[in-house]
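Residue strings, one per chain:
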Amino acid sequence: MERRQYLSLGAGYFSFFAILGLMVPYLSVFLDGRGYSSLQIGELLAIVMATRIISPNLWAAVADHTGKRVQVMRGGALVAFLCFFAAYPDINWWFMALAMASFSFFWTAILPQLEVLTLRSLGEERHRYSRLRAWGSVGFIVVVICAGYVVEQLGSEAVVYIGSVLLILLLLSTLLVRELPGKNDKQGSTHFAANWLSRPMLMFMAATILLQISHGPYYGFFVLYMEGLGHSAAFAGWLISLGVVAEIALFMVSGQLLKRWGVKWLLSIAMALTALRWLLLGLLPESLAVLLFSQTLHAASFGLTHAASIQFIHGYFSERQQGRGQAMYNSVGFGIGGALGAWIAGVTWQQGAGAMTSYLIAALAATAACMLVLAIPRQKMA
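Quick caveat, the model's predicted, so the values are computed rather than measured. (Residues numbered from 1 in each chain as written. Predicted model: local features only at pLDDT ≥ 70, side-chain atom pairs only at ≥ 80, totals over all residues. Heavy atoms only, no water.)

1. Some thoughts on helix H15 (residues 355-375)
Step number 1: Between its first and last C-alpha atoms H15 spans 31 Å; for 21 residues at 1.5 Å apiece the expected length is 30 Å, and the two agree.
Step number 2: Looking only at H15, the buried set comprises Ala355, Ser358, Tyr359, Ala362, Ala363, Ala365, Ala366, Ala369, Cys370 and Val373. The buried side chains of H15 occupy one side of the element, clustering within an arc of 165° when seen end-on. Of the residues in H15, the exposed ones pointing more than 90 degrees away from the buried face are Leu364 and Met371. (Helix = DSSP H or I, 4+ residues; strand = E, 2+ residues; numbered from the N terminus. Expected span 1.5 Å × (residues − 1). Buried < 20%, exposed > 50% of the residue type's maximum accessible area, 1.4 Å probe, protein only. Arc of directions from axis to C-beta.)

2. Topic: the packing of helix H9 (residues 199-214) against helix H11 (residues 233-283)
Step number 1: H11 packs onto H9 with a crossing angle of 20° between their chain directions and a minimal axis gap of 11 Å. Considering the angle they form, H9 stands roughly parallel to H11. Considering the relative orientation of H9 and H11, their crossing is left-handed. Taking contact as the criterion, the partners of Phe204, Ala207, Leu211 and Ser214 in H9 are, on H11, Leu267, Met271, Thr274 and Trp278. (Axes fitted to C-alpha atoms, helices over the stretch in contact; angles between N-to-C directions. Parallel < 35°, antiparallel > 145°, perpendicular 65-115°, else oblique. Left-handed = near helix turned anticlockwise from the far one by under 90°. Contact = heavy atoms within 4.5 Å.)

3. Section: the environment of Ile313
Step number 1: Tracing the chain through its elements places Ile313 in helix H13 (residues 298-316).
Step number 2: Residue classification places Ile313 among the buried residues on the basis of a relative accessible area of 0%.
Step number 3: For Ile313 and Gly325, which are twelve residues apart along the polypeptide, the C-alpha to C-alpha distance reads 6.4 Å.

4. What about a nonpolar patch on the surface?
Step number 1: On the surface, a cluster of nonpolar side chains totalling about 730 Å² of accessible area is made up of Trp261, Trp265, Ile269, Leu273, Leu276, Phe293, Met371 and Leu374.
Step number 2: Mapped onto the nonpolar patch, the elements with two or more residues apiece are H11 and H15.
Step number 3: At five residues, H11 tops the list of elements feeding residues into the nonpolar patch.
Step number 4: In this structure, Ile269 sits in helix H11.
Step number 5: According to the relative accessible area criterion, Ile269 is partly exposed, its value standing at 47%. (Patch = residues over 30% accessible without salt bridge, like charges linked within 9 Å, V, L, I, M, F, W, Y side chains within 5 Å. Areas by Shrake-Rupley, 256 points an atom, 1.4 Å probe, with all protein chains shown as cover. Salt bridge = Lys/Arg side-chain N within 4 Å of Asp/Glu carboxyl O.)

5. Details of the confidence of the model for the chain
Step number 1: Looking at the chain as a whole, its pLDDT mean stands at 87, while 93% of the residues score no less than 70.
Step number 2: Every residue in residues 184-189 is under pLDDT 50, and counting partners more than four places away or in other chains gives nine contacts. (pLDDT = per-residue confidence, 0-100.)

6. Some thoughts on the pattern of salt bridges
Step number 1: Throughout the structure, instances matching the rule amount to two salt bridges.
Step number 2: Here Glu157 makes a salt bridge to Arg34, at a shortest N to O gap of 2.9 Å. One end of the pair, Glu157, is in the loop between helix H6 (129-154) and helix H7 (158-174); the other, Arg34, is in the loop between helix H1 (3-33) and helix H2 (38-66), and 123 residues separate them in sequence.
Step number 3: Across the pair Arg133 and Glu247 runs a salt bridge, and its minimum N-O distance is 3.9 Å. Of this pair, Arg133 sits in helix H6 while Glu247 sits in helix H11, and the two are 114 residues apart along the sequence. Each of the two residues, Arg133 as well as Glu247, counts as buried.

7. What to know about the nonpolar core
Across soluble globular proteins, nonpolar side chains show a tendency to be buried alongside one another.
Step number 1: In terms of nonpolar packing, the biggest core is built from 125 residues, with Leu31, Phe103, Trp107, Leu167, Met201 and Phe204 touching the most fellow members.
Step number 2: In terms of residue count, H11 provides more of this core than any other element does, 18 residues in total.
Step number 3: Residues in contact with Leu31, not counting those within four places in the same chain, are Tyr36, Ile41, Leu44, Met96 and Met100. (Core = buried A, V, L, I, M, F, W, Y, C linked by side-chain atoms within 4.5 Å.)

Below, the structure written as structure tokens:
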């Protein structure tokens, strides 16, 4: 891969996941600061997640049909930036829901195309994917730490200003990416539905949905959880960053792990460790040692599951199906699973009184995901 393409793709991952590093821990803090209840926060987060059910598939179909993936990324970044401004005025819940849904609809168009362009640019060196994707983790860490201090000093409204700056950086990064033509695959588009509806794929996606449901309490309420235990938002940011540092370390070796052990066993182990992580957070949150250890398990619950899943999707679909395959993985797994997880967490959280219940439900969901992956024939998940 040429140096310019490598740097532009790395910048794309950095800025996209920097935005995620703001939204995941601090969006609930921002909404709490505007006076929304935990149920209302859960509903708003579910709406954001639900847009991922439709948006990635729509934009992936456009990109696969036209071959203009970079233009889809640029358009998504530009319109997402414009929609984000609608979150500035504090009008009412419905207006906020519309603003967040509009922003997410265009923002989520970017990542599936970025994934396809990255794997296409790497060619036969797909094992280097994790090292390039690690730039996204770096962006996540930088923003999680810095935003924690900014929010502490300036208040929860600082979230929208930080988000605006990050969206500008994302738009600039898309202007640097070079379009790459795909291979001629005339038959590829005709078998997408058959591949998607195959038993192994359905089992894999059901496991992905359950895994994302399990992340609901963490993505929606972790910072508020830590504040309820007497910690600061900045400390919560450091804890989240610890998890992402562990994730980066995992990304550095995931290519070798996948070559040696394969997708199935790594996914099942990662999901089992995810269940352990939620049990620890639900039962022993007062222990600093437990908090630190549970955060290192983020390497499994996100890093390893993501690296293995991307490889599985890439190997399961043909060249012309790649955009839709990655989009379906994002929309069904993260969209449906994320929306359900956010909604369930919003219902069970009860202003923090139901934290243990929320994490025990999360652990059960991750355990069920592990069992599903174990039931998939190994030859279908090489």
